[in-house]
Amino acid sequence: MAQTADRLVLPHVVPYGPTFAAEVRGVDFTQPVPGECARTIHRALMDYKVLFFRNVELTPEQHVAFGRLFGELSVHPFSAHLEHLPEMMLLDNDEDNPVFATDVWHSDETFRLEPPMGTILRCITIPERGGDTVWADMGAAFAGLSDQLQHFLSGLEAVHDFQVFRRKFDDLPPRERHAKLAEMEEQLPNPTHPVVTTHPATGQKILFVNPQFTLRIKDMREDESRALLAFLFQQAAIPEYQFRFHWEPNAMVFWDNRGTQHYAANDYYPNRRTMQRVTIKRERAF
């Protein structure tokens, strides 16, 4: 971020999508990011839900420090991370380490009692073609439903689970697998979240179910729940609610996990794609 002798030059925010997504320019990540700059970025995140930055030069330690400007960071319970930085999740996929479950629409970690506020993902290496990520504006997705369905959904609750990650333990001996799953279930008991949430900062109504982690709608018959969720899951796939980002080395995206879902296209296999990510567990007050 540039700074003149007499004043701080704040980042420039350039809106992209019709309902969400913006580019942020003018941040120098090689230096500590000042508080007023972080406040500007946070305001933009609340307005646009998904922010992207290009040509971001920073170390993993600086990446973690940037994330901490916005709140407490979490450690993912199932994914690889840098040995000396447990908050820094490593997504390094190629022929020998295929993608695991990121090519499904989801909001990050809704299997937690308190799902994270946001995620900051930076591209390290990308194939010549493919590897885009798509985000869906779940506020727009809810607004696009009929008034009658919006009214029906309000007040419903859904049960979430780390279901996809249960496969991580499939290769363990049966007794060890059972013990490990019991341990994780104790740490991550099935939370119940509203099907429609209210964003704590903006007040916008958000459709908050996703096919990766939502098990069922509470107090409905299984067939009713399955049919309703199948319809609601499809709302993220509507192009008018989407923003697609083509990655390049040193590009970085910061998204509000409470108001969006995302899908990482696995169209680059068996080539290599490497990303580094921090997740903001609990938001600080701005």
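Analysis parameters
Residues numbered from 1 in each chain as written. Predicted model: local features only at pLDDT ≥ 70, side-chain atom pairs only at ≥ 80, totals over all residues. Heavy atoms only, no water. Helix = DSSP H or I, 4+ residues; strand = E, 2+ residues; numbered from the N terminus. Contact = heavy atoms within 4.5 Å. Phe/Tyr/Trp six-rings, centres within 6.5 Å; stacked < 30°, edge-to-face > 60°. Buried < 20%, exposed > 50% of the residue type's maximum accessible area, 1.4 Å probe, protein only. Lys NZ or Arg CZ within 6 Å of the ring centre and 35° of its normal. Core = buried A, V, L, I, M, F, W, Y, C linked by side-chain atoms within 4.5 Å. Polar contact = N/O pair within 3.5 Å; in protein donor to acceptor, adjacent residues only side chain to side chain.

Quick look at the environment of Leu45
Stage number 1. Structurally, Leu45 can be placed in helix H1 (residues 35–48).
Stage number 2. Setting aside residues no more than four positions away along its own chain, Leu45 makes contact with Val50, Leu51, Met117, Phe254, Trp255 and Asp256.

So, the packing of aromatic side chains
Stage number 1. Under the criterion given, the structure shown has 17 aromatic pairs.
Stage number 2. Each ring, one from Phe52 and one from Phe245, has its centre 5.0 Å from the other, and the planes form 45°; the classification is tilted. Of this pair, Phe52 sits in strand E3 (residues 50–53) while Phe245 sits in strand E14 (residues 242–245), and the two are 193 residues apart along the sequence.
Stage number 3. For Phe52, a relative accessible area of 1% corresponds to the buried category.
Stage number 4. Taken together, Tyr16, Phe20, Phe52, Trp135, Phe243, Phe245, Trp247 and Trp255 form an aromatic cluster joined through their ring pairs.
Stage number 5. Stacked on the ring of Phe162, the Lys or Arg Arg166 has its end atom at 4.5 Å from the ring centre.

Overview of the environment of Pro200
Stage number 1. In this fold, Pro200 is placed in the loop between strand E11 (196–198) and strand E12 (205–207).
Stage number 2. Separated by 35 residues in the primary sequence, Pro200 and Gln235 have C-alpha atoms spaced 22 Å apart.

Here's the deal with the nonpolar core
Stage number 1. Of all hydrophobic cores here, the largest spans 28 residues; its most connected members are Val27, Phe29, Ile41, Leu51, Phe53, Phe66 and Phe254.
Stage number 2. Looking at this core, the elements that each hand over two or more residues are strand E2 (22–25), H1, E3, helix H2 (60–68), strand E6 (85–93), strand E15 (252–256) and strand E17 (273–283).
Stage number 3. Ranked by the residues each element gives to this core, the list is headed by H1, at six residues.
Stage number 4. Every residue in contact with Leu51, bar those within four places of it in the chain, is listed here: Ala22, Val24, Ile41, Ala44, Leu45, Met252, Val253 and Phe254.

Describing the side chain of His193
Stage number 1. Structurally, the position occupied by His193 is in strand E10 (residues 192–194).
Stage number 2. A polar atom in the side chain of His193 sits 3.1 Å from the backbone oxygen of Arg112.
Stage number 3. Sequence-distant contacts of His193, defined by excluding residues within four places in its chain, comprise Thr110, Arg112, Leu113, Pro115, Glu157, Ala158, His160 and Phe208.

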